[in-house]
Amino acid sequence: MKLAEALQERADLNRRIQQLQQRLNSNAIVQEGEQPAEDPAELLRELDGCVENLERLIARINLTNCRAEVDGESLTVLLARRDALKLRLGAYRDLAHSASQLGRRGMRSEIKLLSAVNVRELQKQVDQIAKELRLLDNSIQAANWATELI
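We now turn to the structure provided with this report. (Residues numbered from 1 in each chain as written. Predicted model: local features only at pLDDT ≥ 70, side-chain atom pairs only at ≥ 80, totals over all residues. Heavy atoms only, no water.)

### Regarding the overall build of the protein chain
1) Next: When its secondary structure is counted, the protein chain shows 4 helices and 2 strands.
2) Next: Traced from its N-terminal end to its C-terminal end, the protein chain shows the element sequence α-α-β-β-α-α.
3) Next: By the compact-globule yardstick of 15 Å for 150 residues, the protein chain is too spread out, its C-alpha radius of gyration being 24 Å.
4) Next: Its C-alpha atoms put the protein chain at 75 × 55 × 15 Å along the principal axes.
5) Next: Counting across all 150 residues of the protein chain, residues that qualify as buried make up 25%.
6) Next: Contacts spanning at least 24 positions in sequence make up 70% of the contacts within the protein chain whose residues lie at least 6 apart.
7) Next: Carbon and sulfur atoms provide 49% of the accessible area of the protein chain, an area that totals close to 10800 Å².
8) Next: Both charge centroids of the protein chain, one from 22 positive and one from 23 negative side chains, sit 13 Å from each other. (Helix = DSSP H or I, 4+ residues; strand = E, 2+ residues; numbered from the N terminus. Rg over C-alpha atoms; globule rule 2.2 N^0.38 Å. Buried < 20%, exposed > 50% of the residue type's maximum accessible area, 1.4 Å probe, protein only. Contact = heavy atoms within 4.5 Å. Areas by Shrake-Rupley, 256 points an atom, 1.4 Å probe, with all protein chains shown as cover. Lys, Arg positive; Asp, Glu negative; His and termini not counted. Charge placed at Lys NZ, Arg CZ, Asp CG, Glu CD.)

Structure follows, in structure tokens:
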């Protein structure tokens, strides 16, 4: 199985677990003399099986990410870099948006708002970070489809 397939399976298991939790909660309480629409004990068994499968799969994914390399760096390092770039990009985009909201003055006597940062330069940085993130994500995706799961 390729790493990318394992990642898809992990997402499917997470969705399945969430659905099972919702179904369990929906069947946790019934009116006296009534039966739940689904057997909570059976749902719990299914949930436990999904959680155990997810645990094994996550361990294999993490081991694979540690051992697989792209241009001399492990996938784990690249994933951490991608997460950091996403955080930086979000903060820079928010700052650029906030700095662009100068508002309008109705009269000359109203307080004039000025941007504390150079929005044009900041937007160039946003574009550069977005490009770097896109290229890194492409490399990670390519490695995911080329790497066999451990």
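### Here's the deal with the pattern of salt bridges
1) Next: Per the counting criterion, the structure on display carries 7 salt bridges.
2) Next: A salt bridge links arginine 15 to aspartate 12; its shortest N-O distance comes to 2.4 Å. With arginine 15 and aspartate 12 both in helix H1 (residues 3–26) and 3 residues apart, this pair spans about one turn of that helix.
3) Next: Salt-bridge contacts for glutamate 73 lead to arginine 81; the nearest nitrogen and oxygen are separated by 2.8 Å.
4) Next: With relative accessibility at 28%, the residue glutamate 73 sits in the partly exposed group. (Salt bridge = Lys/Arg side-chain N within 4 Å of Asp/Glu carboxyl O.)

### What about the layout of surface pockets?
1) Next: The space that makes up the largest pocket amounts to roughly 190 Å³.
2) Next: What lines the largest pocket is Ala4, Leu7, Arg10, Ile61, Asn62, Asn65, Leu79, Arg82, Ile140, Gln141 and Asn144.
3) Next: Secondary-structure elements contributing two or more residues to the lining of the largest pocket are H1, helix H2 (40–67), helix H3 (75–100) and helix H4 (119–146).
4) Next: Looking at the lining of the largest pocket residue by residue, the classes come out as 5 nonpolar, 4 polar and 2 charged. (1 Å grid on protein atoms, 1.4 Å probe; cavity = no way out; pocket = protein on both sides within 12 Å on 5 of 7 lines; lining within 4 Å. Points joined across faces, edges and corners; volume = space filled by probe spheres on them. Nonpolar A, V, L, I, M, F, W, Y, C, P; charged D, E, K, R; others polar.)

### Digging into the environment of arginine 82
1) Next: In this structure, arginine 82 sits in helix H3.
2) Next: It is 9.1 Å that separates the C-alpha atoms of arginine 82 and isoleucine 140, two residues lying 58 residues apart in sequence.
3) Next: Setting aside residues no more than four positions away along its own chain, arginine 82 makes contact with Leu133, Leu136, Asp137, Ile140 and Gln141.

### Side note on H3
1) Next: Relative to the 38 Å expected for 26 residues at 1.5 Å per residue, H3 spans 37 Å between its end C-alpha atoms, a close match to the ideal helical length.
2) Next: Of the residues making up H3, those classed as buried are Leu75, Leu78, Arg82, Leu85, Leu89, Ala96 and Ala99. (Expected span 1.5 Å × (residues − 1).)

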